[in-house]
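# Observations on the model geometry
Below are the chains, spelled out letter by letter.
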Amino acid sequence: MTTQQQLQHLYWRAGFGPRPEEVAAGISPRKALRQLLQNSEKVELMDNPQMRYTEPLAQFRPITPGSGSPQSGMVTTPDQTVQQTGQSQPAPVAAMLVRSAVAGTRGRNQPPLLRRQEITPEQRKMQNRSIRDAFYAMNTGWMQRMATSPAQLREKLTLFWHGHFACRVRRPDAALHLNNTIRQLALGKFGDLLLAVSREPAMLQFLNNQQNRKQHPNENFAREVMELFTLGRGHYSETDVKEAARAFTGWGYSGQGAFVFREKQHDEGPKTFLGRTGNFGGEDVLQIILEQPACAEFITTKLYRFFVNDVPNAQHIGPLAQAFFRSGYDIRALLEQMFSAEWFYEAVNVGTCIKSPVELLAGIKRTLGLQLVDDKPLIVFQKALGQTLFEPPNVAGWPGGRNWIDSSSLLYRLQLPSVLLKNAEFSVALKQDENDIAPNLSRADRTFQQPVKTTVRLAPVQALLAKTPPAQQAAQLGQFLLQTPLRPDNLALIQQAADKAPAEGRLRTMVTALLSLPEYQLM
């Protein structure tokens, strides 16, 4: 494998693909990894006026690494914090904050949403429109950040945790707050991230812990924390679920969007959980979970499947999980070890992962500097392809892998380059979504049929080909855009199309043809 191939592989897996300038620089994969890690040290929270559903705003209170303390409000402002990395030796998982330390957490002085019976149909329609517009701004804003941010690894990890801690709520401010909590802690210690996410109002609402009370425990939150977030099935019993649910009683949130521990609703009795007995609270349960080596193996396996190969390799995962556990669940150290391994660049791991719809769209935007005149079609593309940011199908998130591809989604994927680069018409009737803000739309209202206006930056791509003779440019371009070898018959067809195209449209024709191949769906 050439250095360029290794570099492109790293940029696709640790980010959203390479820019032509990055490939032209010709740096080593090792140096590129150092840059990716360094560029992702700074935490830049996502926020702009269009994303703000409610006013006034509260300031975002950064979480001190090691404390896992909750944030003070549910809406954030950018550039409030920088996470320091690599400053100390790995240490065991820090003890978590006791409940009394967060009982007085204040939220913003803001009333909750109007109850349904208090608003007119017209007011409800306006409210739904406002909610939808905020989610659209969050979605397209994040997509733009994926395509342009120097913090590629942090944004890619935020996308991973977005699926791992899958959550779908009606409140845009709650969803944005959870997303920024994940973004801030994405490269830190998993224990801090787990505790902070567990205290997020969005997650507590989504998993019904607001209804988890003494004498009437709700097991949903406790079950999903173990099954989907930390241990996986087979590493806990039904009794453990029941006892953990008792420990999480009283965890909720206020109408102002702040975590609240309601002591009167908490079950103070002794509990036996994973072989330990004591008067446990929610923090204790999470700490006990982190003390299980099975947790480190579960998280490492999910990260491996996302970043390396959908088929786990026990010989690779075992040592990674052991080091992850010993480091106190240091996510940054785990990824650095993963991306530095020789096996990461083996042929079995290159060009073998199917791009998710978000990775596909963000990759095209990043590689070609693509901008839409109106970003709304990005939402349509995501819905048509089966992955809409902030709208996971359920608590298990998106299944991924081969599930990304079916007959209809593959057709849309192969049409997309012509839509984005040649103003071709995109036509789709989106499926009904019972969880959507407006779930009962007619087929006409769910149908999108129009050209999509875009601009692209092809000059950097042209610069890559500056020293390549015209007859070899299609092959050279294929090496840059594809992570798998270009078949000779496809190469010949693309070269013929390029030769027939007018000079000013030759490059665009080759790029469109290459991006329309099934091979471009792989990374």
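The structure we're discussing is the one just above.
So, here's what we can say about the structure. (Residues numbered from 1 in each chain as written. Predicted model: local features only at pLDDT ≥ 70, side-chain atom pairs only at ≥ 80, totals over all residues. Heavy atoms only, no water.)

Further remarks concern the overall build of the chain. Helix and strand content of the chain: 21 helices and 10 strands. Burial analysis of the chain (523 residues in total) assigns 56% to the buried set. Long-range contacts, defined as pairs at least 24 residues apart, comprise 74% of the intrachain contacts of the chain with a sequence gap of at least 6. When the accessible surface of the chain is split by element, carbon and sulfur atoms take 50% of a total near 22500 Å². (Helix = DSSP H or I, 4+ residues; strand = E, 2+ residues; numbered from the N terminus. Buried < 20%, exposed > 50% of the residue type's maximum accessible area, 1.4 Å probe, protein only. Contact = heavy atoms within 4.5 Å. Areas by Shrake-Rupley, 256 points an atom, 1.4 Å probe, with all protein chains shown as cover.)

What the rule picks out here adds up to 23 aromatic pairs. Relative to phenylalanine 344, the ring of phenylalanine 339 lies with its centre 5.2 Å away and its plane at 70 degrees, an arrangement referred to as edge-to-face. Sitting above the plane of the phenylalanine 16 ring, lysine 156 keeps its charged end 5.2 Å from the centroid. Over the ring of tryptophan 12 we find lysine 355; its NZ or CZ atom is 4.0 Å from the centre of that ring. (Phe/Tyr/Trp six-rings, centres within 6.5 Å; stacked < 30°, edge-to-face > 60°. Lys NZ or Arg CZ within 6 Å of the ring centre and 35° of its normal.)

Approximately 1000 Å³ is the volume attributed to the second largest pocket. Taken together, 35 residues form the lining of the second largest pocket, with Arg305, Asp310, Trp398, Pro399 and Gly400 sitting closest to its centre. For the lining of the second largest pocket, the elements supplying multiple residues, two or more each, are helix H5 (152–164), helix H9 (220–230) and helix H12 (293–307). Among the elements that make up the lining of the second largest pocket, the one with the highest residue count is H12 (seven residues). Broken down by class, the residue content of the lining of the second largest pocket amounts to 17 nonpolar, 11 polar and seven charged. (1 Å grid on protein atoms, 1.4 Å probe; cavity = no way out; pocket = protein on both sides within 12 Å on 5 of 7 lines; lining within 4 Å. Points joined across faces, edges and corners; volume = space filled by probe spheres on them. Nonpolar A, V, L, I, M, F, W, Y, C, P; charged D, E, K, R; others polar.)

In this section: empty space enclosed by the protein. Enumeration according to the criterion identifies four cavities of 30 Å³ or more in this entry. Taken together, His162, Phe165, Ala166, Cys167, Arg168, Val169, Ala175, Leu178, Asn179, Ile182 and Phe390 form the lining of the largest cavity. The element that contributes the greatest number of residues to the lining of the largest cavity is helix H6 (residues 172–185), accounting for four residues. In the lining of the largest cavity, the residues fall into eight nonpolar, two polar and one charged.

For the structure on display, the rule yields 23 salt bridges. Measuring nitrogen to oxygen at the nearest pair gives 3.9 Å for the salt bridge that ties arginine 332 to glutamate 41. Placement of the pair is arginine 332 in helix H14 (residues 331–340) and glutamate 41 in the loop between helix H3 (29–39) and strand E1 (42–43), with a sequence separation of 291 residues. Relative accessible area serves as the criterion here: at 26%, glutamate 41 is assigned to the partly exposed category. Residue glutamate 227 is joined to arginine 233 by a salt bridge in which the shortest nitrogen-to-oxygen separation is 3.0 Å. Glutamate 227 gets classed as buried once you look at its relative accessible area, which sits at 16%. In this structure, a network of salt bridges that share partners links the residues Glu219, Arg223, Glu238 and Lys242. (Salt bridge = Lys/Arg side-chain N within 4 Å of Asp/Glu carboxyl O.)

Here we come to the packing of helix H1 (residues 3–14) against H5. Two numbers describe how H1 lies on H5: the axes approach to 8 Å, and their chain directions differ by 50 degrees. On the basis of the axis angle, H1 is oblique to H5. Here H1 contributes Trp12, Arg13 and Ala14 to the contact with H5, which in turn contributes Gln152, Leu153 and Lys156. When the residues that make up the contact of H1 with H5 are grouped by side-chain class, the tally is three nonpolar, one polar and two charged. (Axes fitted to C-alpha atoms, helices over the stretch in contact; angles between N-to-C directions. Parallel < 35°, antiparallel > 145°, perpendicular 65-115°, else oblique.)

For glutamate 224, the location among the structural elements is in helix H9. Once you skip the residues sitting within four places of it in the chain, glutamate 224 turns out to touch Leu207, Phe229 and Val395.

In this section: the pairing of strand E8 (residues 425–429). On E8, burial follows the alternation: Phe426 and Val428 on one face are buried, whereas Glu425, Ser427 and Ala429 on the facing-out side are not. For E8 and strand E9 (residues 447–451), the ladder comprises five bridges, and the chain directions are antiparallel. If you follow phenylalanine 426 over to E9, its bridge partner there is glutamine 450. (Pairing = 2+ DSSP bridges.)

Looking now at the environment of glutamine 495. Tracing the backbone through its elements, the reader meets glutamine 495 in helix H20 (residues 488–500). Sequence-wise, glutamine 495 and alanine 471 are 24 residues apart; in three dimensions their C-alpha atoms are separated by 7.4 Å. Other than its neighbours up to four places away in sequence, glutamine 495 contacts Pro470, Ala471, Ala474 and Arg506. A polar contact of 3.4 Å, which involves the side chain of glutamine 495, links it to the backbone oxygen of proline 470. (Polar contact = N/O pair within 3.5 Å; in protein donor to acceptor, adjacent residues only side chain to side chain.)

Moving on, we get to unusual backbone geometry. At asparagine 208, a position not held by glycine, the phi torsion is positive, near 65 degrees. Looking at the element boundaries, asparagine 208 is found in the loop between helix H8 (201–206) and H9. Residue asparagine 208 is classed as partly exposed on the basis of its relative accessible area of 28%. Even without being a glycine, phenylalanine 390 presents a positive backbone phi close to 70 degrees. What makes phenylalanine 390 buried here is its relative accessible area of 4%.

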